[in-house]
Amino acid sequence: MKIVVCMKQVPDTETKVRIGPDGKTIDPTDVNYVVNPYDEYAVEEALKIKEEKGDGEVTILTLGPDRAIKAIRTALAMGADKAIHLKTDDKYLDSYAVAAALAHELKDMEYDLILTGKQAVDDDAAQIGARLGALLDIPCATVVTKLTIEDSTFTANREVEGGVEIVEGSLPAVITAQKGLNEPRYASLKGIMMAKRKPLEEKEPQLDEEKLEILKMEYPPERKGGRIVGKGPEAVPELVRLLHEEAKVI
Amino acid sequence: MAKFQAADFLNFDRLLSEEEILVRETVRDWVDARILPVIQEHYENGTFPMHLIPEMGELGLLGANLHGYGAAGLNNVAYGLAMQELERGDSGIRSFASVQGALVMYPILTYGSEKQRKRYLPKLAGGEWIGCYGLTEPDFGSNPGGMRTTAVDDGDSYVLNGTKMWITNGSIADVAVVWAKLDGTVNGFLVEKGTPGFETTLIQHKLSLRASVTSELIFNDCRIPKENRLPEAKGLKYPLSCLTQARYSIAWGAIGSGMACYDEALQYAKSRVQFDRPIAGYQLTQEKLVKMLTEITKMQFMTLQLGRLKDKGLAKYYQVSMAKQNNVYQALEIARTARDILGANGIVGDYQAMRHAANLESVKTYEGTHDIHTLIVGENITGISAFTPERRSS
Ligand SMILES: Cc1cc2nc3c(=O)[nH]c(=O)nc-3n(C[C@H](O)[C@H](O)[C@H](O)COP(=O)(O)OP(=O)(O)OC[C@H]3O[C@@H](n4cnc5c(N)ncnc54)[C@H](O)[C@@H]3O)c2cc1C
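Residues numbered from 1 in each chain as written. Chains lettered and ligands numbered in written order. Predicted model: local features only at pLDDT ≥ 70, side-chain atom pairs only at ≥ 80, totals over all residues. Heavy atoms only, no water.

Asks: How should I be thinking about the overall build of chain A in this particular structure?
Replies: Summing up its helical and strand segments, chain A has six helices and 11 strands in all. Referenced to the eigenvectors of the C-alpha coordinate spread, the extents of chain A come out at roughly 70 × 45 × 40 Å. Considering only intrachain contacts with a sequence separation of at least 6, the fraction spanning at least 24 residues in chain A is 70%. Here chain A displays about 14100 Å² of accessible surface, and carbon together with sulfur accounts for 50% of that area. For chain A, the separation between the mean place of its 34 positive charges and that of its 46 negative charges on side chains is 4 Å. (Helix = DSSP H or I, 4+ residues; strand = E, 2+ residues; numbered from the N terminus. Contact = heavy atoms within 4.5 Å. Areas by Shrake-Rupley, 256 points an atom, 1.4 Å probe, with all protein chains shown as cover. Lys, Arg positive; Asp, Glu negative; His and termini not counted. Charge placed at Lys NZ, Arg CZ, Asp CG, Glu CD.)

As structure tokens, then:
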């Protein structure tokens, strides 16, 4: 079984991101970059499938700048067999261009399964998995919390509003991972030492023209101060009404 | 608790390799996720988080700088950074790893027979088995050469008699490395749990290093097979060589405690308002914080150099002594100062500083006390041993 995991490096969710001087990009100084958390589930699932089947190969496919090497090494240390790094400069690429570049590369690769996170936590676009399915003309199941692989088919539990949808499809396919799919392992220290010896191919991506352009980035509006509705038990009905009608939290 | 922010004032990370950083980040994440949420409760209850031992094995934290037999094979800097992160969690966790790796696996690997290595090392590296190291006795701490525990050659076995005191992991160990005198010479023996004549008692009511098991080992005509002697370790210098390994891990560990306390104090000082401004805005508090950070920075570079020397086989025991002594002393000062900055909050378990401070009191004493390390370095630079005073002629 040949599995490709499309993985992105993103700023750590703990990082306070600042907008760069051009007003369109994120200032990379002091940002700690990590493997996109949803992609970690994808890597873990790929490793689990390989272990269960007893054979196979897990390849990491990452598009990104030089610094993305750290994320790639982490995935190799977790147990992936090899990696392809499509190197870009640190410039923003829209989801169309990213998916197209990955698809160009995938067309020259052998694969039975493509795994990726349901979205990247930096731009939250949640487009890559679905676009890859379309560009490669293969089935795509998104937001998957359980995955079973048979010889040439898969069954996936998808998280949908208020419940679970169970779908089946043929392989090869694209699966996008949701939290709950598994519990990603830590890279072992031995794995980290071995990661450097695993094959890593660096390539120029084939970049198509983008279809979106970022005009401007803005910080979220400052939070408004609190309001005191009243005092004592008499204030409760009014508080409940406001929580229900205005804040819409109950 | 806010997420830990590691101090790196002088771009220390620039001197590290990609792997060394990745090892540190991995252990850091593991400590954040697995140790910090449970450590206070274990500390209060005086228990070791036993459920984490297999995970430590899986991660490769046990004997991580040793090569072969299931050990991770890290270089000494990556290993040190891992120990730093463990002690950032708690000195008891790092102590567990130091004892298992430096005091149990190291002598078996270095002075053991092939049969002993094969029997013990993979299980110890994987966290399936726990080891302990018995050198100290009730009457012989700083002066282990005076030990009274004996081994007597009796046909196809050795018979051990004596008592070992203050033994980390003693009551939970599957195998004990025990140092005893055979015909007047110190030798190392492997004693397995359940051997008749070998008993342990837990030392209770500790006020320091509470999340760590400390025990007394009692040998009463304890008969072990001859093949359980470490064949290559005859003389006091062999147990001392193990201590050099463990002291190296302590030097790094102390940086971790210091970093945890500094980070906690800094974050607290910036948000705690008194007299209408954050206490971090007062000169006295700033002086404390600056002193803490300066000492952490000095420790980082000294200990890194020690690690690089160790990787080249050039680190000397007296250099390790200087680092162990200095780092533990400074970490303890940092922990106490952090406790001070936290005010009353500093004395409760919601904050870490006082737990680290209490732990570091043990760390200052074990593996050679602060004073003993002074004497080791002192002897090296003067050429005169001050361990035993010259007797005055009346
Ligand atoms: C929590 C904990 C865990 C431990 N784990 C282990 C373990 O796993 N295995 C093990 O073998 N041991 C262990 N020890 C024992 C530890 O190594 C000893 O406590 C240490 O060596 C000091 O010995 P002591 O306590 O007998 O103190 P002493 O040797 O009695 O020292 C008391 C004081 O006298 C000073 N002193 C002694 N000699 C001199 C001198 N010549 N000149 C000047 N000052 C001197 C010391 O510096 C110290 O301040 C542990 C101890 C603790 C607290």
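Asks: Before we go on, may I ask you to explain the pattern of salt bridges in this structure?
Replies: This structure, assessed with the given rule, holds 44 salt bridges over all chains. Among the ionic pairs, Arg18(A) bridges to Asp27(A), the shortest N-O distance being 3.9 Å. Between Lys115(B) and Glu227(B) there is a salt bridge, with the nearest N and O atoms lying 3.0 Å from each other. Of the two residues, Lys115(B) sits in helix H5 (residues 114-125) while Glu227(B) sits in the loop between strand E9 (214-225) and strand E10 (229-234), which places them 112 residues apart along the sequence. Judged by its relative accessible area of 47%, Glu227(B) falls in the partly exposed class. One network of salt bridges, with partners in common, ties together Lys3(B), Asp13(B), Arg24(B), Glu25(B), Arg28(B), Asp32(B), Glu85(B) and Arg88(B). (Salt bridge = Lys/Arg side-chain N within 4 Å of Asp/Glu carboxyl O. Buried < 20%, exposed > 50% of the residue type's maximum accessible area, 1.4 Å probe, protein only.)

Asks: Help me understand the site of the ligand, please; the structure alone is not making it clear to me.
Replies: Residues and elements named next belong to chain B. Residues in close proximity to the ligand total 18 residues, the closest being Thr136, Ser142, Trp166, Thr168 and Thr369. Note that a nitrogen atom of the ligand is positioned 3.0 Å from one of the backbone N or O atoms of Phe387. Protein chains bury 67% of the 970 Å² of accessible surface belonging to the ligand in isolation. Those elements that provide at least two residues to the shell around the ligand are strand E5 (157-168), helix H9 (353-365) and helix H10 (370-382). Across the shell around the ligand, the residue classes tally to nine nonpolar, seven polar and two charged. Each of domain 2 (131-235) and domain 3 (238-391) accounts for three or more of the residues forming the shell around the ligand. (Near = heavy atom within 4 Å. Polar contact = N/O pair within 3.5 Å; in protein donor to acceptor, adjacent residues only side chain to side chain. Nonpolar A, V, L, I, M, F, W, Y, C, P; charged D, E, K, R; others polar. Domains from an automatic or database assignment.)

Asks: Got a minute to help me understand the domain arrangement of chain B in this structure?
Replies: Many analyses report the size of an interface as the accessible area lost when the parts associate. Residues and elements named next belong to chain B. When cut into domains, chain B gives domain 1 (12-125), domain 2 (131-235) and domain 3 (238-391). Using only C-alpha atoms to locate each centre, domain 1 and domain 2 end up separated by 23 Å. Each partner contributes to the interface: domain 1 provides 28 residues, whereas domain 2 provides 24 residues. Each partner contributes to the roughly 2100 Å² buried at the junction of domain 1 and domain 2, and carbon and sulfur atoms together form 64% of this total. (Buried area = accessible area lost by both parts, 1.4 Å probe.)

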